[in-house]
Amino acid sequence: MSAVLRAAWLIARKDFTIEARSREIIATATFFAVACVLVFGFSLVTEGRAPEGVAAGVLWIGIAFSGTLSLGRLFERERAHDTLRTLLLAPIERPAVYLGKLLGVIMLMSAVGALLLPFTGFLFDQAVIRSFPGLAAVILLGITGYAAVGTLFAAMLGRSRSRDVLLPVLLYPMTVPVLIAGVRATSALLEPAGSDWETARLWIGVLVAFDAVFLTLALWTFEAVMEE
Amino acid sequence: MSRRYGRVRALADVSFTCGGGEALALVGPNGAGKSTLLNLLSTLARPTAGDILYDGRRPAAWGPALRGRFGVLGHDVSLYPELSARENLIFFGRLFAAPDLESRVAGALAAAGLERRADAPVGTFSRGMRQRLAIERALLHGPDILLFDEPFTGLDESASESLVARLAAARDAGACIVFSSHDFEHAERVATRVAMIDSGRLSWLEGTGPLRERYRSAR
Amino acid sequence: MKMMMNLALLAAALMFAAAPWMIMRAPQEATMGLIQKIFYFHVPAAFVMFITAFVSGIAGGVYLFRRSARADRISAAAGELVVIFGAIVLLTGPIWARKAWGVWWQWDARLTITLVMWLIFVAFLLLRKYGGPGSETLSSAVALFGMANVPFVYWSVNIWRTVHPSTNVVPSLQPGMREAFWFCVVAYLLLYAAFLAARVKLEEQRGALDELHFEIGAD
């Protein structure tokens, strides 16, 4: 077990080093997320005001869309010089490779989320600071669920034709529960009258269960899916 | 064993053994099934029918430790262009649990002739430099089953010579080598046996004499 | 197998022929009138859709771990039928909704979950069609994940919105309606069994044809 975690950490740290050097994914994904938020802002705002309660939805659209971009690029790096196959040849249980890549995806998506949350709060005048710990937990749980499915799909699509289109086509319907739960929990926490913790807890429960089930399922199927 | 991809049969009833101290060269036209065979041998792909036994045991009985015995060089170099040569070797060395990594990395950099460029990103290297580094990466953890896909591609004459020497040394030290090549002149100096793969079928190229001639007459 | 398939198809055809008569004889529902009768098509199709989604998911799981060609054929065939029966559900639903709720579409729990499941299996078919070689493995994982997703979509959408007539409509059906309803459910199930068997058979024969192609060496 510790060998698996050590290998996963090694792979995640390698991704971190590469990203710290090029900053390519973080820069493009963040800008893309900001552009998403703006596009939705333009389409929703009338007479200078956004309708009530759209901020949470816009935030999660930004996270989900930029997440697909990050996933695609992070696995393109492994595919470009055939390095993913070498990772799979390491003498450790293969799910370690999945875990390592998952950690990298979560780190990247969290970094984008950390920038996007204050930005959305600022544009839509939301009480982000008041409910920050709750929001951070919801976003991290949502990102984990999204990345748990996304990492497996992006990894397996690596040897597929038309992988760029197929990733969002497969990923968005599959992560509908994450998006609904994330949006609902976020807007419950952002209630102008004060955070509605009762509702938020209900949705956090959905997120935790989703993360647990799909993480287990992905770890269990990873080796079989990756074998050609 | 056989392997099919959907409706295409990549390998048909291929059967052979390769013992320690043997080097098996695979020759044949592009798309004939050489890479598929190497993928199957490295357990990245699973045969549609049949089995591959390593010292008489199936991969499932071996577990992940089996992969530590493989030294695999694919058709691409499998190096991260953003990382330096040294960083690449250290990363893969740790992942493959190579013992006394520091001295091995130093030795590998020397063998690849990259000591002076060790800390430059691999993305700035020429094709030949990358290929030399990739070979060292594949050998770093001391594997005894070498599966090399076109290892001579991109190498100049002196690098090819040194690869021949390295492979011959590994072979004589008891490793089993299976490699594909279009480079008959270098391949025949490593190989103890030569197999031709055409349309997924394997046949042996027997006899002596220059490999190029044997290949021509067999086709 | 073939006998069973024809029998199921024949029975389903007869039952579908008789269904309008059964449905006509069932009493008119007080508030909804004629439009309520769509229920005899809508609900059985929804039953079958979820059954076939589970069949596809389980067969996908079996294929993933056992690599049996038969499991893959069943998973593919059942996945296609999710899209077919889902289309029936998604087309008949709005017709009823227009009358009952005054709008074509409501973001209601059961409507949304049907739409999401339908999209997952459309994605499954897209992957099989455009994914290239090796898509069988990937699509079986998608079917398995899609199946595992049912409770989550249901759960989340259920807390989110519920305006759909709840499932306890079925046990509380009036006599007359009840017989007609279960008659239609059985007819749909038989139709489903016949379709599934026919589709699996088609794939089997396609496989056999490929085999023959290999044997005579015409690729």
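Small disclaimer: the values here were computed from a predicted structure and weren't measured. (Residues numbered from 1 in each chain as written. Chains lettered and ligands numbered in written order. Predicted model: local features only at pLDDT ≥ 70, side-chain atom pairs only at ≥ 80, totals over all residues.)

Caption draft 1: Fine view of the overall build of chain B. From N to C terminus, chain B includes eight helices and eight strands. Taking 219 residues into account, the globule formula puts the C-alpha radius of gyration at 17 Å, and chain B, at 17 Å, falls close to it. Projected onto the principal axes, the alpha-carbon positions of chain B cover approximately 45 × 40 × 35 Å. Of all 219 residues assigned to chain B, the portion counted as buried reaches 45%. Counting contacts in chain B only where the partners sit at least 6 residues apart, residues at least 24 apart contribute 71% of the total. (Helix = DSSP H or I, 4+ residues; strand = E, 2+ residues; numbered from the N terminus. Rg over C-alpha atoms; globule rule 2.2 N^0.38 Å. Buried ≥ 20, exposed ≤ 12 C-beta atoms within 10 Å, placed from the backbone. Contact = placed C-beta atoms within 7 Å.)

Caption draft 2: Region of the structure containing the overall build of chain C. A tally of regular secondary structure across chain C gives six helices and zero strands. Starting at the N terminus and ending at the C terminus, chain C contains elements arranged as α-α-α-α-α-α. Taking the intrachain contacts of chain C between residues at least 6 apart in sequence as the baseline, contacts between residues at least 24 apart amount to 80%.

Caption draft 3: Layout of the sheet that holds strand S5 (residues 145–149) of chain B. Residues and elements named next belong to chain B. If you walk across this open sheet you meet the six strands as S4-S5-S6-S3-S7-S8, and the pairing is mixed. Here the strands that pair on one side only, and so sit at the sheet edges, are strand S4 (70–73) and strand S8 (201–204). Adjacent strand axes in the sheet meet at a mean angle of 15°, parallel and antiparallel pairs treated alike. As defined by bridge partners, strand S3 (residues 23–27) adjoins strand S6 (residues 176–180) across four bridges and the pair is classed as parallel. (Pairing = 2+ DSSP bridges. Axes fitted to C-alpha atoms, helices over the stretch in contact; angles between N-to-C directions.)

Caption draft 4: Focus on the packing of helix H3 (residues 85–95) of chain B against helix H4 (residues 101–111) of chain B. Residue and element names in this part refer to chain B. Between H3 and H4, whose axes approach to 10 Å, the crossing angle comes to 135°. Between H3 and H4, the interaxial angle falls into the category oblique. Here H3 runs over H4; the crossing is right-handed. On H4, the residues touching Ala85, Arg86, Leu89, Ile90, Gly93 and Arg94 of H3 are Leu101, Arg104, Val105, Ala108 and Leu109. (Parallel < 35°, antiparallel > 145°, perpendicular 65-115°, else oblique. Left-handed = near helix turned anticlockwise from the far one by under 90°.)

Caption draft 5: Representation of the interface of chain C and chain A in the model. Contacts between the two partners involve 29 residues from chain C, matched on the other side by 26 residues from chain A. Those elements that provide at least two residues to the side of chain C that touches chain A are helix H2 (39–66), helix H4 (109–130) and helix H5 (135–160) of chain C. Considering every element that reaches the side of chain C that touches chain A, the biggest residue donor is H5 of chain C, with 17 residues. Within the side of chain C that touches chain A, the residues separate by chemical class into 21 nonpolar, eight polar and no charged. (Nonpolar A, V, L, I, M, F, W, Y, C, P; charged D, E, K, R; others polar.)

Caption draft 6: Representation of the confidence of the model for chain C within the structure. Averaged over every residue, the pLDDT of chain C is 82; the share at 70 or more is 88%. Within chain C, H2 of chain C carries the highest mean pLDDT (91), whereas helix H1 (residues 2–25) of chain C carries the lowest (75). (pLDDT = per-residue confidence, 0-100.)

Caption draft 7: The interface of chain B and chain A, seen in detail. Each partner contributes to the interface: chain B provides 26 residues, whereas chain A provides 20 residues. Of all the secondary structure elements, the ones that give two or more residues to the side of chain B that touches chain A are S4 and H3 of chain B. Take the side of chain B that touches chain A: its biggest share by element is four residues, from H3 of chain B. Residues of the side of chain B that touches chain A, tallied by class, amount to 16 nonpolar, five polar and five charged.

Caption draft 8: Molecular detail of the environment of valine 89 of chain C. All names here are of chain C. Relative to the helices and strands, valine 89 is located in helix H3 (residues 69–101). Taking the C-alpha atoms as reference, valine 89 lies 5.3 Å from histidine 42; in sequence the two are 47 residues apart. In this view, valine 89 contacts His42, Ala45, Ala46, Met49 and Thr114; residues no more than four positions away in its chain are not counted.

Caption draft 9: Quick look at the pairing of strand S7 (residues 193–198) of chain B. Residues and elements named next belong to chain B. Pairing between S3 and S7: four bridges, direction parallel. When the bridges of S7 are listed, alanine 25 appears paired with valine 194. Relative to S8, S7 is paired through four bridges, and the arrangement is antiparallel. Note on S8: the bridge partner recorded for aspartate 198 is arginine 201. The hairpin formed by S7 and S8 contains two residues between the paired strands, and serine 199 there has a positive phi angle of roughly 50°.

Caption draft 10: How the structure looks around the nonpolar core. Ranked by internal contacts, the top residues of the largest apolar core, which has 206 residues, are Val149 and Leu170 of chain A together with Ala25 and Ile177 of chain B. Of the residues forming this core, the biggest block, 15 residues, is contributed by helix H6 (residues 132–157) of chain A. Setting aside chain neighbours within four positions, we find valine 149 of chain A in contact with Leu171, Met174, Thr175, Phe214 and Ala218 of chain A together with Phe145 of chain C. (Core = buried A, V, L, I, M, F, W, Y, C linked by C-beta atoms within 7 Å.)

Caption draft 11: Summary view of unusual backbone geometry. The phi angle at threonine 43 of chain B is positive, at roughly 65°, despite the residue not being glycine. Structurally, threonine 43 of chain B is set in the loop between helix H1 (34–41) and helix H2 (59–62). Positioned with a positive phi, arginine 67 of chain C is a non-glycine residue whose angle comes to about 55°. A residue is classified by how many C-beta atoms lie within 10 Å of it, and arginine 67 of chain C, with 17 of them, is partly exposed.

Caption draft 12: Up close: the environment of threonine 186 of chain A. Residues and elements named next belong to chain A. Locating threonine 186 in the fold gives a position in helix H8 (residues 176–189). Separated by 126 residues in the primary sequence, threonine 186 and tryptophan 60 place their C-alpha atoms 9.0 Å from one another. In contact with threonine 186, other than residues within four places in its own chain, are Ala56, Leu59, Trp60, Leu135 and Val138.

Caption draft 13: Representation of the environment of isoleucine 52 of chain B. All names here are of chain B. Looking at the secondary structure, you find isoleucine 52 in the loop between H1 and H2. On the neighbour-count criterion, isoleucine 52 (13 C-beta atoms within 10 Å) is partly exposed. Along the backbone, isoleucine 52 and phenylalanine 91 are 39 residues apart, and their C-alpha atoms lie at a distance of 30 Å.

Caption draft 14: Just the pairing of S4 of chain B, in detail. Residues and elements named next belong to chain B. Here S4 shows no split at all, with Phe70 and Val72 on one side and Gly71 and Leu73 on the other all buried. The pairing of S4 with S5 spans four bridges and is parallel. Opposite valine 72, over in S5, you have leucine 147 as the bridge partner.

Caption draft 15: Up close: the packing of H3 of chain C against H5 of chain C. Residues and elements named next belong to chain C. Running from amino to carboxyl end, H3 crosses H5 at an angle of 60°, the nearest separation of the two axes being 10 Å. With respect to their mutual orientation, H3 and H5 come out oblique. The crossing of H3 and H5 is left-handed. Here H3 contributes Asp72, Ser75 and Gly79 to the contact with H5, which in turn contributes Glu136, Ser140 and Ala143.

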